[in-house]
Amino acid sequence: MSQGKRAGSRRGAKPQRGFRPVLLVHALGVTAAVLAWGYLVYAAIDFGTEARGGDSQAWAFLALASVGAVACLFLGLILVARLLRALGITGSPTPPTPTDSPVAAPPSGGGRRAAR
């Protein structure tokens, strides 16, 4: 190896990779939510078929299955976003700073002379 002011590796230290249980919990949660969503969609289709056949109670089950499917899909998407953030693929949103506020528009009309 060379000696001197600029000697040494140009690469930084590698981050330690290991088992993180949080990632496993998020992945299992996404899997469970998507499987529940699929089952509820299948059930909603089945209840819809029965409701159109004349079973009036099936309309209530169709509504419940539809709301449950929407909730499961929403939960799955939230867990996917959390998983991507935990993996470092996406970052957390930054709150707006006071310098990000829009600049006040100059007064309309009058030109340069009126602005004095």
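Residues numbered from 1 in each chain as written. Predicted model: local features only at pLDDT ≥ 70, side-chain atom pairs only at ≥ 80, totals over all residues. Heavy atoms only, no water.

> Explanation requested: the overall build of the protein in the structure shown.
Across its full length, the protein holds three helices and zero strands. When the helices and strands of the protein are listed from N to C terminus, the series reads α-α-α. In the protein, which comprises 116 residues, the proportion classed as buried is 16%. Sequence-distant contacts, at least 24 apart, represent 61% of the contacts inside the protein between residues at least 6 apart. Approximately 10300 Å² of the protein is accessible, and the part contributed by carbon and sulfur atoms is 63%. (Helix = DSSP H or I, 4+ residues; strand = E, 2+ residues; numbered from the N terminus. Buried < 20%, exposed > 50% of the residue type's maximum accessible area, 1.4 Å probe, protein only. Contact = heavy atoms within 4.5 Å. Areas by Shrake-Rupley, 256 points an atom, 1.4 Å probe, with all protein chains shown as cover.)

> Hey, could you run me through the side chain of His26 in this one?
Looking at the element boundaries, His26 is found in helix α1 (residues 21–52). A polar contact is formed between the side chain of His26 and the backbone oxygen of Val22, at a distance of 2.9 Å. Those residues in contact with His26, other than ones at most four positions away along the chain, are Leu79, Arg82 and Leu83. (Polar contact = N/O pair within 3.5 Å; in protein donor to acceptor, adjacent residues only side chain to side chain.)

> Can you help me understand the packing of α1 against helix α2 (residues 57–87) in this one?
Two quantities define a packed helix pair, namely the angle between the helix axes and the distance between the axes. Where α1 meets α2, the axes come as close as 7 Å, and the angle between the chain directions of the two elements is 160°. Classified by the interaxial angle, the pair formed by α1 and α2 is roughly antiparallel. Crossing angle aside, the handedness with which α1 passes α2 is left-handed. The residue makeup of the contact of α1 with α2, split by class, is 25 nonpolar, six polar and two charged. (Axes fitted to C-alpha atoms, helices over the stretch in contact; angles between N-to-C directions. Parallel < 35°, antiparallel > 145°, perpendicular 65-115°, else oblique. Left-handed = near helix turned anticlockwise from the far one by under 90°. Nonpolar A, V, L, I, M, F, W, Y, C, P; charged D, E, K, R; others polar.)

> I would appreciate a short explanation of α1 in the present structure.
One turn of the α-helix equals 3.6 residues, which is why residues spaced by three or four share an orientation. With 32 residues, α1 extends 46 Å from end C-alpha to end C-alpha; this agrees with the ideal 46 Å at 1.5 Å per step. By the burial criterion, the buried members of α1 are Leu23, His26, Gly29, Val30, Ala33, Ala43, Ala44, Gly48 and Ala51. Against the buried residues of α1 lie α2. Gly54 sits one or two positions beyond α1 and adopts a positive phi of about 120°. (Expected span 1.5 Å × (residues − 1).)

> Sorry, what's going on with a nonpolar patch on the surface here?
Where nonpolar side chains cluster on the molecular surface, the patch consists of Val34, Trp37, Leu73 and Leu77 and spans about 350 Å² of accessible area. Mapped by element, the contributors of at least two residues to the nonpolar patch are α1 and α2. One can find Val34 in helix α1. (Patch = residues over 30% accessible without salt bridge, like charges linked within 9 Å, V, L, I, M, F, W, Y side chains within 5 Å. Salt bridge = Lys/Arg side-chain N within 4 Å of Asp/Glu carboxyl O.)

> Which parts of the structure should I look at to understand the environment of Trp59?
Structurally, the position occupied by Trp59 is in helix α2. Placed ten residues apart in sequence, Trp59 and Thr49 show a C-alpha to C-alpha distance of 9.7 Å.

> What am I meant to see in the environment of Leu35 here?
When you line up the elements, Leu35 lands in helix α1. Expressed as a C-alpha distance, the spacing of Leu35 and Cys72, which sit 37 residues apart in the sequence, is 8.8 Å.

> What is the right way to look at a positive patch on the surface in this model?
A cluster of basic side chains, namely Arg11, Lys14, Arg17 and Arg20, defines a positive patch on the protein surface. As for its placement among the helices and strands, Arg20 is situated in the segment before α1. (Lys, Arg positive; Asp, Glu negative; His and termini not counted. Charge placed at Lys NZ, Arg CZ, Asp CG, Glu CD.)

Just geometry here; none of it tells us what the structure is for.
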